[in-house]
There are 2 protein chains.
Amino acid sequence: MQIVKVQTPSAQYQIFAGTGLIDTLEARMTRILAALGRKLPKRLFILTSPEIWDLWSKRILSSFTNTPTILLLPAGERHKNLRSVEKLLREMAKAGGDRSSILIAFGGGIVGDVGGFVASSFMRGIDFFQVPSTFLSQVDSSVGGKVGVNLPEGKNLVGAFHHPLAVFADMELLNTLPDRELRAGLFESVKAGMIRDRALLRFMEENSARILGRDTASLEKVIAASIRMKADVVSKDERENGLRMILNLGHTLGHAIESVTGYRKLLHGEAVGWGIIAALHLGRKRRTISEAQFDRLMGLVYLYGPLPALKLNPQRLVDASAKDKKHRGDVRRFILPVGIGDATVVEDVTTDELLEAARYMLALAKALPEQVEVKVLAAHG
Amino acid sequence: MQIVKVQTPSAQYQIFAGTGLIDTLEARMTRILAALGRKLPKRLFILTSPEIWDLWSKRILSSFTNTPTILLLPAGERHKNLRSVEKLLREMAKAGGDRSSILIAFGGGIVGDVGGFVASSFMRGIDFFQVPSTFLSQVDSSVGGKVGVNLPEGKNLVGAFHHPLAVFADMELLNTLPDRELRAGLFESVKAGMIRDRALLRFMEENSARILGRDTASLEKVIAASIRMKADVVSKDERENGLRMILNLGHTLGHAIESVTGYRKLLHGEAVGWGIIAALHLGRKRRTISEAQFDRLMGLVYLYGPLPALKLNPQRLVDASAKDKKHRGDVRRFILPVGIGDATVVEDVTTDELLEAARYMLALAKALPEQVEVKVLAAHG
């Protein structure tokens with residue numbers, strides 16, 4: 001097991017990454033609360049999705065002497081909205097939840113985001129724990145305190161900064177994760193390596209077969225390094241006033257792809273994968289990376305493909321990206337890779353540049369899925 | 001003009017109480033932002049209610065060079081819900097609001113509570129200013145950072161702690177306030193005196209005619225003292241872990257009255273007025289106040305009456321108070337007056353004691369409205 005510390009101006013807590021964590025949840029939570037001079041409350045809520053709960057309820061519940069109240073959120077981005085939040089808050093009020101109640105968000109990124117926002121707003125804020133069940137939620141969304149839901153006008157437009165008391169990233173939960181979701185999640189680790197962790201990047205280049213083959217030691221290494229990178233960035237810039245923005249490498253166009261396709265066609269990590277390709281192209285054009293570095297980084301993206309094919313109008317993508325909330329005032333902000341293992345925030349990317357990057361990406365997305373697939377198969381063998 | 005400072009672990013800002021503030025809003029906000037190294041953003045939202053806006057829009061808008069976007073929230077507690085929050089958030093997204101946008105909550109307590117919660121959750125939190133337009137919102141709800149909305153299961157069950165960048169309490173706004181609302185609001189000042197400000201209490205005893213007659217200097221004194229008391233308590237205990245609980249004197253049964261009557265029959269301050277009477281009775285029984293002190297404090301409550309008559313089942317009130325979120329775990333908490341100008345939090349009030357206090361209060365509420373009215377008329381003369 002590895003332990004990563006998060007320390008921001010508003011919170012200080014640990015992220016545990018390893019195996020067997022879900023069998024000892026109550027004891028671990030009790031210990032963490034005791035260190036804060038508190039006890040496990042009477043009313044404990046677990047927010048989860050029906051699918052996840054079917055798989056793991058027995059093992060989770062066997063660790064509890066005090067049976068928690070189960071709240072269910074149906075799977076899917078379309079349930080990540082204020083209506084679900086209201087429904088859950090009302091269930092908690094009806095079940096006798098009070099200010100000392102604690103919520104455990106057990107599931108993927110959507111459960112974590114919705115659960116965190118429910119915890120942040122129930123009676124003006126109760127404590128919560130994160131037990132992320134997908135690769136993506138373990139390395140990304142459970143780290144950093146960003147919680148919230150979507151509006152019809154855009155993704156994550158409503159939310160809060162609300163840190164958990166701890167995160168338990170149990171790798172055993174990944175055993176039931178479909179290959180496609182693992183691959184998609186790994187693009188956040190690819191991103192982590194590109195923006196701030198050269199060693200992780202090299203490890204992912206050299207061990208893609210082991211990682212995609214779910215070798216426990218290799219996966220733990222990737223997960224812990226990804227968490228550590230994000231925890232480090234978040235500890236230095238909790239509210240995304242500066243450094244934290246680099247975490248958005250690949251996300252400007254990634255979010256635009258998700259928005260234009262109604263969040264239905266691609267997994268988040270896949271959209272980010274395509275967004276990274278656009279960012280690499282723009283980096284090459286702006287010479288923040290050389291042609292050789294571009295080739296190397298594109299090779300890394302390919303290793304964790306195949307990315308699903310896309311047929312979209314580039315102008316629509318650019319229009320959608322203008323609505324992204326990373327767009328502050330009239331400034332168009334973009335994250336560019338800098339060499340191998342670094343990144344920078346630029347504020348002056350023009351619509352034409354973005355359009356060209358979108359075109360480059362979409363040409364690949366239309367033409368190259370087979371080639372990408374071949375490369376990945378090779379990496380597996 | 002008087003300036004009161006609020007300084008909590010999470011925020012530091014000033015409350016301005018005086019006249020002419022609404023004619024100089026833009027300049028004042030610009031100065032406050034400049035001190036934070038920031039500029040007035042392009043997108044400024046004013047959340048207000050149609051009635052308030054009809055009265056004051058011209059004067060408010062004349063102070064702005066950059067015309068704000070107006071968001072309207074219909075008056076009434078029944079609009080203080082998540083549906084209104086969602087509607088407002090969507091309007092802000094559609095109008096191009098971004099992270100740098102600022103919201104001005106201009107209206108009574110409901111506008112402030114809803115507006116504050118909208119500001120706290122839009123894009124995970126934007127800055128806001130409070131311009132409270134009622135006595136109650138000036139002395140109470142705009143101070144302290146508590147924002148939120150109701151659920152069908154109870155009042156203020158959803159919310160956040162989100163402090164404004166400043167509060168502008170312009171007493172001119174009170175000119176259009178109906179007498180009943182002024183009287184109701186004054187019960188929060190009565191409470192302020194009882195729990196922590198003996199000088200305010202004496203001033204309110206000796207000057208009730210001037211205060212109820214809206215003498216500017218007297219009102220400013222009451223408002224500023226009430227704000228100062230609350231700001232002081234909140235600065236010492238932002239999250240209501242201890243001291244801040246004393247602010248709930250009169251609120252345990254006050255909230256229960258509001259809940260049982262569906263928030264329609266009484267104004268909040270009136271319900272608190274009745275709740276204070278119940279608390280005084282319980283204080284007398286527990287001997288935290290003497291009989292003489294009980295009589296003196298009851299006299300003060302009567303001075304600011306008449307409180308509307310009430311016919312309720314005491315058991316229903318007690319049941320409703322158990323759902324109050326000040327009720328932590330199994331402990332029944334209650335705030336008792338201690339002598340003149342002090343209060344304490346007790347954790348062991350039994351259902352029987354509460355029931356008896358409710359019965360005492362309801363007997364008065366059924367039998368004494370005429371007597372109360374006579375006393376008030378006397379005070380006016």
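What you see is a predicted model, and the numbers here were worked out from it, not measured in a lab. (Residues numbered from 1 in each chain as written. Chains lettered and ligands numbered in written order. Predicted model: local features only at pLDDT ≥ 70, side-chain atom pairs only at ≥ 80, totals over all residues. Heavy atoms only, no water.)

Caption draft 1: Representation of the overall build of chain A within the structure. For chain A, the helix and strand inventory stands at 15 helices and 11 strands. For 381 residues, the compact-globule formula gives about 21 Å, and the C-alpha radius of gyration of chain A, at 20 Å, lands near that figure. Overall, the C-alpha framework of chain A stretches about 60 × 45 × 35 Å when taken along its three principal axes. Here chain A holds 381 residues, and the buried ones make up 62% of them. Considering only intrachain contacts with a sequence separation of at least 6, the fraction spanning at least 24 residues in chain A is 76%. In chain A, 51 side chains carry a positive charge and 41 a negative one; their mean positions are 3 Å apart. (Helix = DSSP H or I, 4+ residues; strand = E, 2+ residues; numbered from the N terminus. Rg over C-alpha atoms; globule rule 2.2 N^0.38 Å. Buried < 20%, exposed > 50% of the residue type's maximum accessible area, 1.4 Å probe, protein only. Contact = heavy atoms within 4.5 Å. Lys, Arg positive; Asp, Glu negative; His and termini not counted. Charge placed at Lys NZ, Arg CZ, Asp CG, Glu CD.)

Caption draft 2: Quick look at unusual backbone geometry. Following glycine 305 of chain A, the chain continues to proline 306 of chain A via a peptide bond in cis, the omega torsion being 5°. Residue position: proline 306 of chain A is located in the loop between α12 (291-303) and α13 (314-322). Here the phi dihedral of arginine 214 of chain B falls at roughly 65°; this positive angle occurs in a residue that is not glycine. Among the residues examined, arginine 214 of chain B registers a relative accessible area of 23% and is labelled partly exposed. Even without a glycine there, the phi angle at arginine 287 of chain B is positive, about 60°. With respect to the secondary-structure elements, arginine 287 of chain B resides in the loop between α11 (268-286) and α12 (291-303). Accessibility expressed as a relative area gives 75% for arginine 287 of chain B, which makes it exposed.

Caption draft 3: Structural context of the domain arrangement of chain A. All names here are of chain A. What the domain assignment reports for chain A is domain 1 (2-176) and domain 2 (179-380). Contacts between the two partners involve 32 residues from domain 1, matched on the other side by 30 residues from domain 2. Roughly 2800 Å² is buried in total at the junction of domain 1 and domain 2, and carbon and sulfur atoms are behind 63% of that figure. Linking domain 1 to domain 2 there are 3 salt bridges. For the salt bridge of aspartate 140 with lysine 230, the shortest nitrogen-to-oxygen distance reads 2.8 Å. Between domain 1 and domain 2 we count 10 residue pairs in polar contact (both at pLDDT 80 or more) in total. Contributions of two or more residues to the side of domain 1 that touches domain 2 are made by β1 (2-7), β2 (12-18), α5 (135-141) and β8 (154-161). (Domains from an automatic or database assignment. Buried area = accessible area lost by both parts, 1.4 Å probe. Salt bridge = Lys/Arg side-chain N within 4 Å of Asp/Glu carboxyl O. Polar contact = N/O pair within 3.5 Å; in protein donor to acceptor, adjacent residues only side chain to side chain.)

Caption draft 4: Representation of the relation of the copies chain B and chain A in the model. Least-squares fitting of chain B to chain A yields an RMSD of 0.0 Å, with the superposition described by an axial translation of 0.0 Å and a rotation of 180°. What we have between these two chains is a two-fold relation. When C-alpha positions in chain B are compared against the rotation axis, the closest is assigned to leucine 82 of chain B, at 3.9 Å. In this assembly, 100% of the residues forming the interface of chain B have copies in chain A that are likewise at the interface, indicating an isologous arrangement. (Least-squares fit on C-alpha atoms with pLDDT ≥ 70 in both.)

Caption draft 5: Spotlight on the interface of chain B and chain A. Contacts between the two partners involve 35 residues from chain B, matched on the other side by 35 residues from chain A. Carbon and sulfur atoms make up 55% of the area that chain B and chain A hide from each other, which totals about 3200 Å². Close ionic contact of lysine 94 of chain A with glutamate 153 of chain B constitutes a salt bridge, the shortest N to O distance being 3.7 Å. Our count for the chain B to chain A interface comes out at 10 residue pairs in polar contact (both at pLDDT 80 or more). At the level of secondary structure, the elements contributing two or more residues to the side of chain B that touches chain A comprise α3 (82-94), α4 (109-121), β7 (146-151) and β8 (154-161) of chain B. Per-element tally for the side of chain B that touches chain A: the top contributor is α3 of chain B, with 7 residues. Tallied by class, the residues present in the side of chain B that touches chain A amount to 13 nonpolar, 7 polar and 15 charged. (Nonpolar A, V, L, I, M, F, W, Y, C, P; charged D, E, K, R; others polar.)

Caption draft 6: How the structure looks around the pairing of β8 of chain A. Of all the 8 residues making up β8 of chain A, 8 are buried; the element is thus mostly covered by neighbouring parts of the structure. Counting the residues in the hairpin turn of strand β7 (residues 146-151) of chain A and β8 of chain A gives 2 residues. (Pairing = 2+ DSSP bridges.)

Caption draft 7: How the structure looks around the UniProt feature "binding site: NAD(+)" (unreviewed entry) in chain A. Residues and elements named next belong to chain A. As annotated by UniProt and renumbered to match this structure, "binding site: NAD(+)" (unreviewed entry) occupies Lys146 and Lys155. Classification of lysine 146 by relative accessible area gives buried; the value is 16%. In this structure, lysine 155 sits in strand β8. Of note is the side chain of lysine 155, whose polar atom sits 3.3 Å from the side chain of glutamate 77. (UniProt positions renumbered as here; feature names shortened; annotations may be inferred.)

Caption draft 8: A look at the packing of aromatic side chains. Inspection of every chain in the model, using the stated rule, returns 8 aromatic pairs over all chains. Where phenylalanine 129 of chain A meets phenylalanine 168 of chain A, the ring centres are 6.0 Å apart and the plane angle is 20°; that geometry is what we call stacked. Pair noted here: phenylalanine 129 of chain A is in strand β6 (residues 127-132) and phenylalanine 168 of chain A is in strand β9 (residues 166-170), with a separation of 39 residues, a long-range link. Residue classification places phenylalanine 129 of chain A among the buried residues on the basis of a relative accessible area of 0%. Between tryptophan 53 of chain B and phenylalanine 106 of chain B the ring centres are 6.2 Å apart and the planes differ by 75°, which places this aromatic pair in the edge-to-face class. A residue pair is termed long-range when its members are at least 10 positions apart, and tryptophan 53 of chain B in helix α2 (residues 50-62) and phenylalanine 106 of chain B in strand β5 (residues 102-107) qualify at 53 residues. Judged by its relative accessible area of 11%, tryptophan 53 of chain B falls in the buried class. For phenylalanine 106 of chain B, a relative accessible area of 1% gives the class buried. Over the aromatic face of phenylalanine 294 of chain A sits the side chain of arginine 284 of chain A, whose NZ or CZ is 3.7 Å from the ring centroid. (Phe/Tyr/Trp six-rings, centres within 6.5 Å; stacked < 30°, edge-to-face > 60°. Lys NZ or Arg CZ within 6 Å of the ring centre and 35° of its normal.)

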